[in-house]
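Overview (structure and organization)
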Amino acid sequence: MDMYVFSRFYLLGVLENLEQTIVSGFGSLESQQDFRTPEFEEFNGKLDSLFFNDGQRRIDFVLVYEDESRKETNKKGSNEKQRRKRRAYESNLICDGLQLEATRSLLDDKLVFVKVHAPWEVLCTYAEIMHIKLPLKPNDLKTRSSAFDNFNWFTKVLQVDESIIKPEQEFFTAPFEKNRMNDFYIQDRDTFFNPATRSRIVHFILSRIKYQVRDNVKKFGINKLVSSGIYKAAFPLHDCNFSSPSEDLSCPNERYLLYREWAHPRSIYKKQPLDLIRKYYGEKIGIYFAWLGYYTQMLLLAAVVGVACFLYGYFNQNNCTWSKEVCDPDIGGKIIMCPQCDKLCPFWKLNITCESSKKLCLFDSFGTLVFAVFMGVWVTLFLEFWKRRQAELEYEWDTVELQQEEQARPEYEARCTHVVINEITQEEERIPFTTWGKCIRITLCASAVFFWILLIIASVIGIIVYRLSVFIVFSAKLPKNLNGTDPIQKYLTPQMATSVTASLISFIIIMILNTIYEKVAIMITNFELPRTQTDYENSLTMKMFLFQFVNYYSSCFYIAFFKGKFVGYPGDPVYWLGKYRNEECDPGGCLLELTTQLIIIMGGKAIWNNIQEVLLPWVMNLIGRCRTVSGAEKKAPRWEQDYHLQPMGKLGLFYEYLEMIIQFGFVTLFVASFPLAPLLALVNNILEIRVDAWKLTTQYRRMVPEKAQDIGAWQPIMQGIAILAVVTNAMIIAFTSDMIPRLVYYWSFSVPPYGDHPHYTMEGYINNTLSYFNVADFKSKSKENPYTELGDYTTCRYRDFRYPPGHPQEYKHNIYYWHVIAAKLAFIIVMEHIIYSVKFFISYAIPDVSKSTKSKIRREKYLTQKLLHENHLKDMTKNMGVIAERMIAVVDNNIRPKSD
């Protein structure tokens, strides 16, 4: 445990003994002053002011609470406890050096706003404790745009206008130390700590000041006070209104600039002002938008190739021989298919699947194979180039050595009651629980996660049961015209009706389970008690993604790899759970149904997320404004305007990352069935960037700026998805689509023993993929005879490669079946090895950090150390000179002759 944690617990222990003295000495803010002061009356002309009433001290944070004495329903006991805790907390804040000023609301006199200011000494003290890097001297090594870029008119159009958003001056930086303050670039104390850094320091203090000690358990932190209702909100201020600049000429108007050049719809084609985003919101939000922007740029290439492959299938639709055979009245119209369920399902003609076979030609083509291989390479390029871009941002944003700065979470510190000896330092340190207790917690957390995953699997099984049971209903209720000429039957087959309704129900269940599990995952992670905020977010990320992976992708995995694979044959079908006959795919396979499932889930998820992200906060803010005085937003001071905005939430951009990673999985894992997925993702992401920007700048309170070196646990998750995507796409092409059986037929049926065609052809493919079944065998081999009206049909066809009735091995798999299986397995092995070889070569050839970035990092580190060393030598030389002068003076005094 670092020295800061130890010193904080020591300080809190001292304050515990002085608590009564502190509380009685400082009292409560509400008991010391009348909030309607004369100074507040003069505040009407400075509504956008970011300072205390004296106009000198900057507001670094705002706390909001409701005055219990002015509530309509006054519960004295509970209110007194809340007031006592708040008094102790505010008194301890003052004792820690912060300055507070309380003001009543202009719109609701029950609300009290406590403005918090951190003086220079407090900022310096905690900047050293938090190891915050601050400027030493201007730096001319940072990357600059080359002069060649000025000749690229297209690039200039996309760039942010530098006359509006000016580039930030770069500095050499080092962790701040008070005893070396002269080494730092301090021109103005008021601007040395920028507003984001000031807010981060104050939030660090607010999160660690205690307000109660009970049974030797310390309760502290603003987060607990807000969650328990003692304070209604705590937030840093926006610097101005988003729609207009501040009247204060010294205000940088960064929020207004971000809205104008980033969040406004007219800026949708421009690059993002990442440096300003990072400066205003912090590196954590900046790295998210940098990653999302880079991902969107890479999607452009994938979308172009995907559209090209789709157009290839579209223009070659007329050359799709097997689809023509299905639609041909003399071929597909004369093929009688066996019933696909017991009791109610009729015989049907193959040509009723004509429309679905035409649609299938768009996706099940040679272009899909090319695109699947391309996406296996694309995802590797994206991940490798993003690592390089991330390394550049680490250098430019000065987060290369960030991991050394991270402190323990206040919730973790509060539970540190066990004293142990550190094996390395051999000193005492505090931990929250013993090794045995940690094992118990991990076991309980893992069991809870496993239980909820089983619950999701149970819901998937419920959807499968729905599919199996409702298919019978649709088969009985939909028209039974064998000729397939009925317009409803032409487009709405039992398979299509079952697939669409099951996909919609699956999407609704997914959304419901998501809402429940979000809260459960947070509870499990809180119980697990990770030490740092990064550990907390990584643990929650893995739990949430594991759940979302099963929740979103399980239905797709079922359709792609299980549906129609274990169905037996008409005389001896396979029953699921001993009751439901397993589903069969269309004669063309389950690829079209998988495509339908992807479109519904991706489209429905995008629509639902937009409703949540745009409409919900806008409506909530609208309702909040309607409850206040009409036109109050224009008359309220800055802190009241921000209070009526929506809080961002404890997890910040966690759900934004999760949304994009789930989309990344759809784009990569199942892209072989839907080449247009990257195009849909591209369009969604272009809007997503601006929607998130609009939401942050206009609808939400300003978040506490946080440092971040990278995107955290999402990087290894994407790498895992990229590896799995190669396997899933190879298996989709091999087992879900009909590409491999078609290729085997094309290359083998021109030679014996399969055929004697004079040239390579696909003619007769449909007839070859359908086996014969003797209708009379229904009576002898089915569990019961469900087909009371067999008509004049003596045989029917079904999709499989089996010997016909009358053969010595009737209804057994024929030799062609085993050749197709061998071809499928060979294809998977060859495709996987080729793509994995290319992936590993690309990963090896492209270093994570470019050579130029490495050189810049080393050069800056060298110059920084040299600068600090030179300054240290100057101080030593100066001190030595002073000492030498004093020694000379002493010697002179000693050897000077004494006068009589």
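Residues numbered from 1 in each chain as written. Predicted model: local features only at pLDDT ≥ 70, side-chain atom pairs only at ≥ 80, totals over all residues. Heavy atoms only, no water.

Moving on, we come to the overall build of the chain. Helix and strand counts for the chain stand at 32 helices and 18 strands. Looking at the chain residue by residue over its 900 residues, the buried ones come to 52%. With the model as given, the accessible surface of the chain reaches about 43700 Å², and the carbon-plus-sulfur share is 59%. (Helix = DSSP H or I, 4+ residues; strand = E, 2+ residues; numbered from the N terminus. Buried < 20%, exposed > 50% of the residue type's maximum accessible area, 1.4 Å probe, protein only. Areas by Shrake-Rupley, 256 points an atom, 1.4 Å probe, with all protein chains shown as cover.)

Once that is clear, we can look at the UniProt feature "transmembrane region" (unreviewed entry) in the chain. Residues annotated by UniProt as "transmembrane region" (unreviewed entry) correspond here to residues 288-315, 366-386, 449-476, 496-517, 544-562, 660-683, 711-735 and 815-836. Measuring from the first to the last C-alpha atom of residues 544-562 gives 25 Å, for a span that is 95% helix and 0% strand. The span residues 711-735 is 88% helical and 0% strand by assignment, and the distance between its end C-alpha atoms comes to 35 Å. (UniProt positions renumbered as here; feature names shortened; annotations may be inferred.)

If you look at the biggest cluster of nonpolar residues, it comprises 148 residues, and the most contacted ones within it are Trp-291, Phe-382 and Phe-666. With near-sequence residues (within four places) excluded, Trp-291 lies in contact with Phe-382, Trp-386, Tyr-657, Met-660, Ile-661, Ile-711 and Met-718. (Core = buried A, V, L, I, M, F, W, Y, C linked by side-chain atoms within 4.5 Å. Contact = heavy atoms within 4.5 Å.)

With respect to the helices, strands and loops of the structure, Thr-368 is situated in helix H16 (residues 366-396). Given a relative accessible area of 3%, Thr-368 falls into the buried group. Those residues in contact with Thr-368, other than ones at most four positions away along the chain, are Phe-363, Ala-672, Pro-675 and Ile-733.

A cluster of nonpolar side chains, contributed by Ile-607, Trp-608, Ile-611, Leu-615, Leu-616, Trp-618, Val-619, Met-620, Leu-622 and Ile-623, occupies part of the molecular surface with about 860 Å² of accessible area. For Leu-615, a relative accessible area of 44% translates into the label partly exposed. (Patch = residues over 30% accessible without salt bridge, like charges linked within 9 Å, V, L, I, M, F, W, Y side chains within 5 Å. Salt bridge = Lys/Arg side-chain N within 4 Å of Asp/Glu carboxyl O.)

For side chains of opposite charge, pairing can occur when their charged atoms come near one another. Here the structure, examined in full by the defined rule, presents 24 salt bridges. The partner of Glu-384 in a salt bridge is Lys-387, with the nearest N and O atoms 3.5 Å apart. Within this pair, Glu-384 and its partner Lys-387 are both found in helix H16, separated by three residues, close to a single helical turn. Taken as a pair, Glu-384 and Lys-387 share a single burial class, namely buried. Here Arg-802 and Asp-800 are joined by a salt bridge, their closest N and O atoms 2.8 Å apart. For Arg-802, a relative accessible area of 14% translates into the label buried. A residue is classified by how much of its surface remains accessible, and Asp-800, at 14% relative accessible area, is buried. Linked through salt bridges whose partners overlap, the residues forming this network are Arg-260, Glu-261 and Lys-270.

Here we come to the sheet that holds strand S8 (residues 233-235). Across the sheet, four strands lie side by side as S2-S3-S1-S8; this open sheet has antiparallel pairing. The open sheet has two free edges, formed respectively by strand S2 (99-104) and S8, since each of these has just one partner strand. Between one strand axis and the next, the sheet turns by 20 degrees as a mean value, whatever way the strands run. Pairing analysis gives six bridges linking S2 to strand S3 (residues 111-117), with the strands arranged antiparallel. Paired with Thr-103 across the two strands is Phe-113, which belongs to S3. (Pairing = 2+ DSSP bridges. Axes fitted to C-alpha atoms, helices over the stretch in contact; angles between N-to-C directions.)

Put plainly, a disulfide is one covalent bond tying together the sulfur atoms of two cysteines. If you walk through the whole model with that rule in mind, you get three disulfides. Sulfur-sulfur distance for the disulfide between Cys-320 and Cys-361 comes to 2.2 Å. Because the sign of the S-S torsion sets the handedness, a value of about -70 degrees for the bond joining Cys-320 and Cys-361 places this disulfide among the left-handed ones. Here Cys-320, found in the loop between helix H13 (283-315) and helix H14 (321-327), pairs with Cys-361, found in helix H15 (residues 354-363); they are 41 residues apart in sequence, far enough to count as distant. One disulfide bridge connects Cys-327 with Cys-354, the sulfur atoms lying 1.9 Å from each other. Its torsion about the S-S bond being 100 degrees, the disulfide of Cys-327 and Cys-354 is classed as right-handed. On the criterion of sequence distance, the pair formed by Cys-327 in helix H14 and Cys-354 in helix H15 is long-range, its members being 27 residues apart. Given a relative accessible area of 12%, Cys-354 falls into the buried group. Here Cys-251 stays free of any disulfide, with the sulfur of Cys-240 as its closest cysteine sulfur at 5.0 Å. (Disulfide = S-S within 2.5 Å.)

Here we take up the environment of Glu-688. Along the polypeptide, Glu-688 turns up in helix H26 (residues 677-699). Taking the relative accessible area as the measure of exposure, Glu-688 reaches 0% and is therefore buried. It is 9.5 Å that separates the C-alpha atoms of Glu-688 and Met-660, two residues lying 28 residues apart in sequence. Setting aside its immediate chain neighbours within four residues, Glu-688 contacts Tyr-288, Leu-292, Asn-610, Glu-613, Glu-656, Glu-659 and Met-660.

Attention now goes to the packing of aromatic side chains. Using the criterion set out here, one finds 51 aromatic pairs in the structure. Judged by centre distance (6.1 Å) and plane angle (65 degrees), the rings of Tyr-126 and Phe-204 are edge-to-face. Here Tyr-126, found in helix H6 (residues 120-129), pairs with Phe-204, found in helix H9 (residues 195-206); they are 78 residues apart in sequence, far enough to count as distant. Neither residue differs from the other here; Tyr-126 and Phe-204 are each classed as buried. Relative to Tyr-657, the ring of Tyr-288 has its centre 4.9 Å away and its plane inclined at 75 degrees; by these criteria the two rings are edge-to-face. (Phe/Tyr/Trp six-rings, centres within 6.5 Å; stacked < 30°, edge-to-face > 60°.)

Further remarks concern the confidence of the model for the chain. Confidence in the prediction of the chain, expressed as mean pLDDT, is 79, and 79% of residues score 70 or more. For residues 1-45, every residue scores under 50 in pLDDT, and the model assigns this stretch 76 contacts once sequence neighbours within four places are set aside. A low-confidence stretch, residues 480-485 (pLDDT under 50), is modelled with 18 contacts involving residues beyond four sequence positions or located in other chains. (pLDDT = per-residue confidence, 0-100.)

With that out of the way, let us pick up helix H31 (residues 815-845). Its 31 residues give H31 an end-to-end C-alpha distance of 45 Å, which sits within 8% of 45 Å, the value for a rise of 1.5 Å per residue. Of the positions making up H31, those classed as buried are Tyr-816, Val-820, Lys-824, Phe-827, Ile-828, Met-831, Glu-832, Ile-835, Tyr-836, Lys-839 and Ile-842. Here the buried face of H31 lies against H16, helix H27 (714-736), helix H28 (739-748) and helix H29 (765-769). Residue Asn-814 occupies the N-cap position of H31, its side-chain oxygen lying 3.2 Å from the main-chain nitrogen of Tyr-816. (Expected span 1.5 Å × (residues − 1). Polar contact = N/O pair within 3.5 Å; in protein donor to acceptor, adjacent residues only side chain to side chain.)

Position of Gly-333 relative to the elements: it lies in the loop between H14 and strand S9 (336-337). Linking Gly-333 and Leu-350, residues 17 residues apart in sequence, is a C-alpha distance of 6.2 Å. Beyond its immediate sequence surroundings of up to four residues, Gly-333 is in contact with Asp-328, Lys-349 and Asn-351.

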